[in-house]
Amino acid sequence: DGGITQSPKYLFRKEGQNVTLSCEQNLNHDAMYWYRQDPGQGLRLIYYSQIVNDFQKGDIAEGYSVSREKKESFPLTVTSAQKNPTAFYLCASSRDRAYNEQFFGPGTRLTVL
Amino acid sequence: QQQVKQSPQSLIVQKGGISIINCAYENTAFDYFPWYQQFPGKGPALLIAIRPDVSEKKEGRFTISFNKSAKQFSLHIMDSQPGDSATYFCAARGRNDYKLSFGAGTTVTVRA
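Residues numbered from 1 in each chain as written. Chains lettered and ligands numbered in written order. Predicted model: local features only at pLDDT ≥ 70, side-chain atom pairs only at ≥ 80, totals over all residues. Heavy atoms only, no water.

### As for the overall build of chain B
Secondary structure assignment for chain B yields zero helices and 11 strands. Helices (α) and strands (β) of chain B occur, in sequence order from the N terminus, as β-β-β-β-β-β-β-β-β-β-β. For 112 residues, the compact-globule estimate of 2.2 N^0.38 gives 13 Å, and chain B sits close to it at 13 Å. When each of the 112 residues of chain B is scored for burial, the buried share is 47%. Summarising the internal contacts of chain B: among those between residues at least 6 apart in sequence, 54% fall at separations of at least 24. In the form shown here, chain B has an accessible surface area of approximately 5,400 Å², with 48% of it arising from carbon and sulfur atoms. Between the mean site of the 13 positive side-chain charges and the mean site of the 8 negative ones, chain B shows a separation of 4 Å. (Helix = DSSP H or I, 4+ residues; strand = E, 2+ residues; numbered from the N terminus. Rg over C-alpha atoms; globule rule 2.2 N^0.38 Å. Buried < 20%, exposed > 50% of the residue type's maximum accessible area, 1.4 Å probe, protein only. Contact = heavy atoms within 4.5 Å. Areas by Shrake-Rupley, 256 points an atom, 1.4 Å probe, with all protein chains shown as cover. Lys, Arg positive; Asp, Glu negative; His and termini not counted. Charge placed at Lys NZ, Arg CZ, Asp CG, Glu CD.)

And the structure:
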C-alpha cells in the first residue's frame, strides 16, 4: 500500500522548543516537499528536495530546517526561531521535480503553547 | 504576495446545483494548472489539471475552463453532491522552477 505517512497527527510543544515532524514515502519518488497551511492562505512552500542529500529553500524557509539522508524520508524541524509555528504542515512527494502531480500526506497539526 | 488569487472564499450550493470557483494569475511563466480537493484533517489530493494550450477539460462532473488571454481559470462542479463538500485549491506551476503557487482555497458546502 503505497503512500506518504506523516507522524504524529497532532503535536503540542512549548514555546522555545525545537520540534521535528516526520515524513516517509514508499512511492520511490525522488522529489519531496514541505508546505505550511494556514487558514485563508492556501499552501506555502517551506523546503523541497530533488534528490538525496540535496534540498532548497522555498518561499518561507526562515525558522525551519530539513535533511534528506534517505530517499524515503524528509523530516522537517521547526526551530525556536520560527516566530509563528502553530500551523498544519503537509509533506508531499512527486516522481521527480518536473513531474506534474504531487502526492500529499495526511498532515501534522502543530500547536505551540 | 499571493501569485494566484482565488474566489470566493466559501460557497454553499444545493444538492444537484453547480459550484463555480474562479482563479486568476499574473505570471505568464506558469505552464500547468491543477486543482486540489481537501477534506477536513486530510492532505489535498489532485482532482483535475489543465495546460494552457487547452481551453477546457472535463472529468466526470468536474470541468476546468481556461482563458489564457484573461489569465483566468475556473472549476465547475456539476450536479454537486454532499460528498463534494470540501476545500478546493487552485494552483499554478512555474515553467522554469516547477514550484506550485496555491490559491487561498474555497470551502464548498453542498446542502442535501
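### With respect to the sheet that holds strand S3 (residues 19-25) of chain B
Backbone-to-backbone hydrogen bonds pair the strands of a sheet. The strands run either parallel or antiparallel. Residue and element names in this part refer to chain B. An order of S1-S3-S8-S7-S6 is seen for the five strands of this open sheet, with the pairing classed as antiparallel. Edge strands, defined here as strands with exactly one partner in the open sheet, are strand S1 (4-7) and strand S6 (56-59). Taken pair by pair, the neighbouring strands of this sheet meet at an average axis angle of 15°, ignoring direction. Here strand S7 (residues 62-67) pairs with strand S8 (residues 72-77) via six bridges, running antiparallel. Paired with Phe 62 across the two strands is Ile 77, which belongs to S8. (Pairing = 2+ DSSP bridges. Axes fitted to C-alpha atoms, helices over the stretch in contact; angles between N-to-C directions.)

### Concerning the interface of chain B and chain A
Listed by partner, the interface residues are 19 residues for chain B and 21 residues for chain A. Both faces combined, the contact of chain B with chain A buries some 1,600 Å², and carbon together with sulfur accounts for 51% of it. Ranking the residues of chain B by area buried against chain A places Tyr 98, Lys 99 and Phe 102 of chain B at the top, with a combined share of 29%. Summed over the shared surface of chain B and chain A, the result is one salt bridge. Elements with a contribution of two residues or more to the side of chain B that touches chain A: strand S4 (30-38), strand S9 (86-94) and strand S10 (100-102) of chain B. Sorting elements by how many residues they give to the side of chain B that touches chain A places S4 of chain B first, with three residues. Tallied by class, residues from the side of chain B that touches chain A come to nine nonpolar, five polar and five charged. (Buried area = accessible area lost by both parts, 1.4 Å probe. Salt bridge = Lys/Arg side-chain N within 4 Å of Asp/Glu carboxyl O. Nonpolar A, V, L, I, M, F, W, Y, C, P; charged D, E, K, R; others polar.)

### So, the pattern of salt bridges
A pair can form between side chains of opposite charge whenever their charged atoms are brought close. For the structure shown, the criterion picks out nine salt bridges over all chains. A salt bridge links Arg 36 of chain A to Asp 38 of chain A; the shortest N-O distance between them is 2.7 Å. Here Arg 36 of chain A matches Asp 38 of chain A in class, with each residue buried. Between Lys 57 of chain B and Glu 59 of chain B there is a salt bridge whose closest N-O contact spans 3.7 Å. Here the residues in one salt-bridge network are Arg 36, Asp 38 and Arg 44 of chain A, joined through shared partners.

### Things to note about unusual backbone geometry
Of the consecutive residues Ser 7 of chain A and Pro 8 of chain A, the connecting peptide bond is found in the cis state with omega at -10°. You can see Pro 8 of chain A is positioned in the loop between strand S1 (4-7) and strand S2 (10-13). Put simply, Ser 7 of chain B and Pro 8 of chain B share a cis peptide bond, and its omega is -5°. On the secondary structure map, Pro 8 of chain B appears in the loop between S1 and strand S2 (10-14).

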